[in-house]
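Inside the fold
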Amino acid sequence: MAVFKLDNVEDLYEIGNVLGSGHFGQVREVRERATGAQWAGKFLKLKRGVGSRLGLERKNVEKEVEILQSLQHQNIMALKDVFESRAEVVLIVELIKGGELFDFIAEKENLTETEAIEFMKQILEGVRYMHQKNVGHFDLKPENIMLSDKHAPKPDIKIIDFGMAHRFIQGEEYKSLGGTPQYIGPEIINYEPLSTAADMWSIGVITYILLSGLSPFQGETDEETLRNIVAMNYEFEPHHFSQTSNMAKDFIQKLLVKDQSERMTAEECLIHPWIKPLNRTQIAN
Ligand SMILES: COc1cc(-c2ccc3ncc(-c4cccc([C@@H](O)NCCN(C)C)c4)n3n2)ccc1O
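Residues numbered from 1 in each chain as written. Predicted model: local features only at pLDDT ≥ 70, side-chain atom pairs only at ≥ 80, totals over all residues. Heavy atoms only, no water.

1. Remarks on the overall build of the protein
Rules: Helical segments are the DSSP runs of H or I of at least four residues, strand segments are the runs of E of at least two, and each set is numbered from the N terminus. The globule rule used here is 2.2 Å times the number of residues to the 0.38 power, and the radius of gyration it is set against is calculated over C-alpha atoms. Per-residue accessibility, obtained with a 1.4 Å probe over protein chains only, is compared with the maximum for each type, and a residue is labelled buried under 20%, exposed over 50%, and partly exposed between these values. Only heavy atoms matter for contacts: two residues are in contact if any of them lie within 4.5 Å across the pair. Surface accessibility in these figures is a Shrake-Rupley result with a 1.4 Å probe; residues are shielded only by whichever protein chains are displayed. In summary, the charge assignment counts Lys and Arg as positive and Asp and Glu as negative, without counting His or the chain termini. Where a charge lies is defined by one atom per residue type: Lys uses NZ, Arg uses CZ, Asp uses CG and Glu uses CD.
From N to C terminus, the protein includes 11 helices and 9 strands. What you see for the protein is a C-alpha radius of gyration of 20 Å, in line with the 19 Å of a compact globule of 285 residues. With respect to the three principal axes, the spread of C-alpha positions in the protein is 60 × 40 × 35 Å. The buried share of the protein, reckoned over its 285 residues, is 48%. Considering only contacts within the protein whose residues lie at least 6 apart along the sequence, 61% involve residues at least 24 apart. With the model as given, the accessible surface of the protein reaches about 14,400 Å², and the carbon-plus-sulfur share is 49%. Taken as two groups, the 32 positive and 43 negative side-chain charges of the protein have centres that lie 4 Å from each other.

Here it is, written out as structure tokens:
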């Protein structure tokens, strides 16, 4: 069983404002007393007893921490420290000040292909790195892609929220029904064995959204969304894709593939002509 620091987190960090909350717990600004440095603290309530419905299983928190401890990459949020008390675990992670990519897109409605390519390159670098370590994120979506500084000409991105992540062990089978309906692939809906390719489906959906502001499979209800995914029911709506290059559509089409083994990997995405063109005249075609 992993042992986290048993010091009282408030002895080392001044706890600040709430930045956000959700299934992942509560995220607050924290200031390191010794240095004055700013960090983010993710506060997770643990289940108080076997029968308790509230709080997280300690083993699930240990799994997320073990995965985060194994990942050091400029496009993945860094973990600095972990504290635990009787009923809570606190993850101290790098503070990311630029907000969510989701909000950035919402403010701009959609991005130019050049802007989208810059974001996708960074997302793919982080995903390639975690897949090389046999880690699948399994909840990739614009809300879990944050920006270091949204006012920078080329904002750096950070992938956050590894609460659904899994490290594959050679030969083991892993299934999950988790994730956010708009972004999950058919294999998750059909409860089939998963691989890191599940993240690549989400990358295809994220790219579609970055370029159009639309979500390819979203229906009126989650059930309709899931039916659209299993039926591969999506299109490049002419009104929203008339200015989008064929290269970009090809990139998306090579990710929204039902058979996981036929989908592009992160490595293959990074050498796809849309991301790494031989020359810029190709995009105009
Ligand atoms: C360690 O695990 C997480 C970290 C973070 C995290 C890490 C650094 C950091 N700096 C600023 C923020 C932040 C700022 C505003 C809102 C939020 C959060 O409520 N929304 C993040 C995305 N959400 C859909 C998970 C988080 N964060 N959030 C968010 C979710 C996590 O599961």
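What follows continues from the structure just given.
2. Focus: the sheet that holds strand β3 (residues 38–45)
Where we set the bar: Should DSSP find at least two bridges between two strands, the strands are regarded as paired. Only the stretch in contact is used when a helix axis is fitted, and all axes are lines through C-alpha atoms; the angle between N-to-C directions ranges over 0 to 180 degrees.
Across the sheet, 5 strands lie side by side as β1-β2-β3-β5-β4; this open sheet has antiparallel pairing. Lying at the two open borders of the sheet, with one neighbouring strand each, are β1 (13–22) and β4 (79–84). Strand after strand, the sheet turns through a mean of 25 degrees between neighbouring axes, direction not considered. Relative to strand β2 (residues 25–32), β1 is paired through 7 bridges, and the arrangement is antiparallel. When the sheet's bridge partners are listed, E14 is paired in β2 with R31. Helix α2 (residues 58–69) rests against β3, β4 and β5 (88–94) of the sheet, and its axis sits at about 160 degrees to β4.

3. Things to note about empty space enclosed by the protein
The criterion, for reference: The method works on a 1 Å grid over the protein atoms by themselves. A cavity is a set of points holding a 1.4 Å probe that cannot get out, a pocket is an open set with protein on both sides within 12 Å along at least five of seven lines, and residues with an atom within 4 Å of a point line them. Grid points are joined across faces, edges and corners, and a volume is the space filled by probe spheres set on the points. Under this grouping Gly is polar, as are all residues other than the nonpolar Ala, Val, Leu, Ile, Met, Phe, Trp, Tyr, Cys and Pro and the charged Asp, Glu, Lys and Arg.
What the rule picks out here adds up to 1 cavity of 30 Å³ or more. Of the voids in this model, the largest cavity is the one considered here, and its volume is about 70 Å³. Along its surface, the largest cavity is lined by F138, D139, L140, G179, T180, Y183, I184, I188, A198, D199 and S202. Counting residues per element, the lining of the largest cavity draws most heavily on helix α6 (residues 197–212), which supplies 3 residues. Residue classes in the lining of the largest cavity are distributed as 6 nonpolar, 3 polar and 2 charged.

4. Notes on the site of the ligand
Rules: One heavy atom suffices: a residue is near a molecule or strand as soon as one of its heavy atoms comes within 4 Å of it.
As a matter of local geometry, the ligand sits amid 19 residues, with G20, K42, I96, E143 and D161 nearest to it. A total of 630 Å² of accessible area belongs to the ligand in isolation, and the protein chains cover 89% of it. Looking at the shell around the ligand, the elements that each hand over two or more residues are β1, β3 and β5.

5. A short note on the packing of aromatic side chains
Where we set the bar: Working definition: a ring pair exists when centres of Phe, Tyr or Trp rings (six-membered ring for Trp) sit within 6.5 Å. Plane angles under 30 degrees give stacked, over 60 give edge-to-face, the rest tilted.
The tally for this structure, following the rule as stated, stands at 13 aromatic pairs. Where W201 meets F217, the ring centres are 5.3 Å apart and the plane angle is 20 degrees; that geometry is what we call stacked. Here W201 is found in helix α6, whereas its partner F217 is found in the loop between α6 and α7 (222–230), with 16 residues between them in sequence. Per residue, the accessibility class of W201 equals that of F217, and both read buried. One aromatic cluster is present, formed by W201, Y208, F217, Y234, F236 and F241 through successive ring pairs.

6. With respect to the packing of α6 against helix α9 (residues 246–253)
Let me state the cut-off plainly: In these notes the angle categories are as follows: under 35 degrees is roughly parallel, over 145 is roughly antiparallel, 65 to 115 is roughly perpendicular, and the rest is oblique.
Interaxial distance between α6 and α9 falls to 8 Å at its minimum, and their mutual angle equals 150 degrees. Considering the angle they form, α6 stands roughly antiparallel to α9. Judged by residue contacts, G204, T207, Y208 and L211 of α6 engage A248, F251 and I252 from α9. Grouping the amino acids of the contact of α6 with α9 by side-chain chemistry returns 5 nonpolar, 2 polar and no charged.

7. A look at the confidence of the model for the protein
Low-pLDDT stretches of the model should not have their predicted coordinates read in fine detail. The line we're drawing: pLDDT measures how confident the predictor is about each residue, on a scale from 0 to 100.
Averaged over the protein, the pLDDT score is 93; the fraction of residues at 70 or greater is 96%. Complex prediction metrics read pTM 0.94 and ipTM 0.93.

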